[in-house]
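Now for the letters of each chain:
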Amino acid sequence: MKSFLKYTLATIVGLFLFSIVATIITIVSVAGMVADEGTSKIEKNSILRISLNGTMVERSEGDETPDVVELMMGNETNAIALQEALTALENAAENKNVIGVYLEGGGLSATPAMTEELRNALVKFKESGKWVVAYGDQFSRSAYYLASAADSVWLNPEGMLDWSGMATRLYFLKGALEKIGIKMQVFKVGTYKSAVEPYICTEMSDANREQVTSFLNNIWATMLKDVAESRGMDTERLNTIADSQTILTDPTDAQKNGLVDGLHYIGEVKQALKDIAGLGEKDKLKFVSIKDVANAQTLKEKIKEEIAVYYAYGDIVDEAGSGLQQTHQITGKGMTNDLQKLREDERVKAVVIRVNSGGGSAYASEQIWREVEQLKAVKPVVISMGGMAASGGYYISCAANRIIAEPTTLTGSIGIFGMIADYSELATKKLGVTFDGVKTNKLSDFGAMGRPFNETEGELMQAYVEKGYDLFTRRVADGRGMEQDSVKAIAEGRVWTGEQALGLGLVDELGDLNDAIAAAAEAAEVEKYTVGRYPAASPWYVNIIDKQKNNYLESQMRSTLGEFYPMFMMVKSAENLNGLQARMPFYMEIK
């Protein structure tokens, strides 16, 4: 009887949960259809509103989940998809019904190169003769960098604006790992290969401090130059302001220093927008979203020839992972299969690979490199570097016909490492676990848990890593038409900005994704073409359950651990560092 009740109750609960999910899917499907109908046309006197808040990502993970689901799940997504924002600005410049852009300030988090690309798009939008206005209760440094491109920048009289320069922060776990009896055994090539430092050091090495200082100052110089040009100021003055302008500085100082044009409340801003738009007092402002304008229907000529843009962003892994914090990943098998299809597609005349990755598995990077080589033998391949294309991200780029980077892209980091945890002290001394066994040969238990590597095993691991480094530098030398010794001289795991990499021969040109598309079309000798974007976006409902589960787990972990969350994720990430790794450091914050 108990079993019957138990299984009956389980069935009822299962049916109840299924009905909830089915209801959600039905509601969202209807909402999705309504949304699609509403975004086909932009009304007259519309203003494109871009919220400079949350996190900027490379592109949407799939078809947008309608807002009704996010509300039912208690979530509110705050993210700007760069691809969608760039498309929206292009469409807005051409669409006669869009009269201007309104930037809404906030705490935007984004890589320097991604903000630079979006800022350049705003500057280009202004060439259409339309206006850009920015207002916010607060502006983070990234948000202000974007807002500074506007015709007018306004701040709340009690608001906050951060213009305090840039800084990096790294987490070091050696002391914590020692307390629990874990020691990381590291094998690496490259003086500047600093990805292992958080696990074996308590502070930055001199070499790492040197490279971070170099690329950070280079990025800051670019930002100073851009803001100075837009605000009609000189860079020295902006740098002096940065020494005193923190987010706590009185807003009147921001106005006196020329960072903003006025201090207003939101009601005054709305009236000012009406005046700019030529609207009457009773008229309502018509704001449209990035998604609305990006999806606006335009009549285009049907063209068969295509330039494909393939987005490769996130960690490079052998196989897709699962569980906590599932951000987008580049899987070796998945990307090679996708590139093979593009190679065989006769409509595709050239391929632009948009890379935004700090690297990962050296094995997966090699497989992708091989597929890029094969693709290049059939049609032109151009790399567009986003926020970063470093270590494994550079590995998969170096075989292309042409490489185009943003000035503030982080790239290079040509180096290899292997890292294996030694749990012997934790297991034996702290937990009382002992190990014993039998082996037929001297190296039969190579890498066995319960003991560190012996001298012979350590030498074998180091030789294995050095072999991987030799292969990496050889791939770069062949792809860039350089001598291998010349590559090694600028490699050593050192990170460079796109601007620095240009002078070193690691990239061919400074520019954005549109420049890369134009270069690919020129190489393919096509004048009229469509732009196809790959991989194709998945329908919103495919991974909705996993997405909500992972978002919930991550949000709970973040709220529980607070400042310790990045450190927790670094320890968790160390579990996946099997084999050779070609990657940037984990969780290096640039603020």
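These figures come from a predicted structure and were not determined experimentally.

A.B. asks: Could you give me a rundown of a nonpolar patch on the surface, with the residues and numbers involved?
C.D. replies: Taken together, the side chains of Tyr423, Leu431, Val433, Phe435 and Met449 present a nonpolar region at the surface, about 490 Å² in accessible area. Among the residues examined, Met449 registers a relative accessible area of 55% and is labelled exposed.

A.B. asks: A description of the packing of helix 3 (residues 82–94) against helix 4 (residues 112–126) should follow, citing residues and the corresponding values.
C.D. replies: Across the interface, helix 3 lies against helix 4 with an axial gap of 9 Å and an inter-helix angle of 5°. Compared by their axis directions, helix 3 and helix 4 come out roughly parallel. Across from Leu82, Ala85, Leu86, Leu89, Ala92 and Ala93 in helix 3, the residues of helix 4 making contact are Met114, Glu117, Leu118, Ala121, Leu122 and Phe125.

A.B. asks: Account for the environment of Gly334, naming residues and giving values.
C.D. replies: Tracing the backbone shows Gly334 in helix 13 (residues 332–344). For Gly334, a relative accessible area of 25% corresponds to the partly exposed category. Sequence separation between Gly334 and Glu319 is 15 residues, and the spatial gap between their C-alpha atoms is 8.4 Å.

A.B. asks: Pulling in residues and values, what's your account of helix 9 (residues 235–242)?
C.D. replies: Because an α-helix completes one turn every 3.6 residues, residues spaced three or four positions apart along the sequence face the same direction. Of the positions making up helix 9, those classed as buried are Leu238, Ile241 and Ala242. For helix 9, the angular spread of buried residues about the axis comes to 105°, placing them on one side. The elements touched by buried residues of helix 9 are helix 8 (206–231). The distance from a side-chain oxygen at the start of helix 9 to the backbone nitrogen of Glu236 is 3.2 Å, and the residue carrying that oxygen is Asp234.

A.B. asks: With reference to specific residues and values, describe the packing of aromatic side chains.
C.D. replies: How two aromatic rings sit relative to each other is set out by the distance from centre to centre and by the angle between their planes. Considering all chains together, one arrives at seven aromatic pairs under this definition. An angle of 40° between the planes, with centres 4.9 Å apart, marks the rings of Trp163 and Trp220 as tilted. One end of the pair, Trp163, is in the loop between strand 6 (152–161) and strand 7 (168–169); the other, Trp220, is in helix 8, with 57 residues separating them in the sequence. Of the two residues, Trp163 and Trp220, both sit in the buried class. With a centroid separation of 5.8 Å and 65° between ring planes, the pair formed by Phe187 and Phe453 is classed as edge-to-face. Here the residue Phe187 occupies a position in strand 8 (residues 183–189), and Phe453 occupies one in the loop between helix 16 (424–430) and helix 17 (455–480), the gap between them amounting to 266 residues. Overall, Phe187 belongs to the buried group, its relative accessible area being 9%. Taken together, the ring pairs in this structure connect Phe139, Tyr144, Trp163 and Trp220 into an aromatic cluster.

A.B. asks: Mind laying out the packing of helix 13 against helix 14 (residues 362–376), listing which residues take part and the relevant values?
C.D. replies: Helix 14 packs onto helix 13 with a crossing angle of 5° between their chain directions and a minimal axis gap of 9 Å. With respect to each other, helix 13 and helix 14 are oriented roughly parallel. Contact residues: Gly332, Met335, Thr336, Leu339, Gln340, Leu342 and Arg343 in helix 13; Ala364, Gln367, Ile368, Glu371, Val372, Gln374 and Leu375 in helix 14. Here the residues of the contact of helix 13 with helix 14 sort into seven nonpolar, five polar and two charged.

A.B. asks: Quick one: what's the story with unusual backbone geometry, residue by residue and with numbers?
C.D. replies: For residues besides glycine, phi is generally negative; the peptide bonds are generally trans as well. Here Tyr534 and Pro535 are connected by a cis peptide whose omega angle stands at -10°. Among the secondary structure elements, Pro535 is positioned in the loop between strand 22 (530–534) and helix 21 (544–561). Even without being a glycine, Ser391 presents a positive backbone phi close to 55°. Note on placement: Ser391 falls in the loop between strand 16 (381–390) and helix 15 (392–395). Note on Ser391: relative accessible area 0%, which makes it buried. With phi around 55°, Glu492 is a residue other than glycine that occupies positive phi space. Checked against the element boundaries, Glu492 lands in the loop between helix 18 (484–490) and strand 20 (495–497).

A.B. asks: Can you explain the pattern of salt bridges? Please cite residues and give values.
C.D. replies: Pairing is possible between side chains that carry opposite charge, provided their charged atoms lie close to one another. Within the structure shown, the criterion is met by 20 salt bridges. Between Glu509 and Arg402 there is a salt bridge whose closest N-O contact spans 3.2 Å. Pair noted here: Glu509 is in strand 21 (residues 509–510) and Arg402 is in strand 17 (residues 402–405), with a separation of 107 residues, a long-range link. A residue is classified by how much of its surface remains accessible, and Glu509, at 25% relative accessible area, is partly exposed.

A.B. asks: Summarise the sheet that holds strand 6; cite the residues concerned and give the values.
C.D. replies: With parallel pairing, six strands are arranged side by side in an open sheet as 9-6-5-4-1-10. The sheet terminates laterally at strand 9 (262–263) and strand 10 (286–288), the two strands that pair on one side only. Relative to strand 4 (residues 98–104), strand 1 (residues 46–51) runs parallel, the two sharing six bridges. Considered in strand 4, the bridge of Ile50 is made with Leu103.

A.B. asks: Go over the pairing of strand 6 with me, naming the residues and quoting the values.
C.D. replies: Most of strand 6 is tucked away, with seven of its 10 residues classed as buried. As paired elements, strand 5 (residues 131–139) and strand 6 share six bridges and run parallel to each other. The residue of strand 6 that forms the bridge with Tyr135 is Trp154. In this view, the connection linking strand 5 to its parallel neighbour strand 6 by way of helix 5 (residues 141–147) has right-handed handedness.

What counts, and where the lines are drawn
- Residues numbered from 1 in each chain as written.
- Predicted model: local features only at pLDDT ≥ 70, side-chain atom pairs only at ≥ 80, totals over all residues.
- Heavy atoms only, no water.
- Patch = residues over 30% accessible without salt bridge, like charges linked within 9 Å, V, L, I, M, F, W, Y side chains within 5 Å.
- Areas by Shrake-Rupley, 256 points an atom, 1.4 Å probe, with all protein chains shown as cover.
- Salt bridge = Lys/Arg side-chain N within 4 Å of Asp/Glu carboxyl O.
- Buried < 20%, exposed > 50% of the residue type's maximum accessible area, 1.4 Å probe, protein only.
- Axes fitted to C-alpha atoms, helices over the stretch in contact; angles between N-to-C directions.
- Helix = DSSP H or I, 4+ residues; strand = E, 2+ residues; numbered from the N terminus.
- Parallel < 35°, antiparallel > 145°, perpendicular 65-115°, else oblique.
- Contact = heavy atoms within 4.5 Å.
- Arc of directions from axis to C-beta.
- Polar contact = N/O pair within 3.5 Å; in protein donor to acceptor, adjacent residues only side chain to side chain.
- Phe/Tyr/Trp six-rings, centres within 6.5 Å; stacked < 30°, edge-to-face > 60°.
- Nonpolar A, V, L, I, M, F, W, Y, C, P; charged D, E, K, R; others polar.
- Pairing = 2+ DSSP bridges.
- Right-handed = clockwise from strand over helix to strand, strands pointing away.

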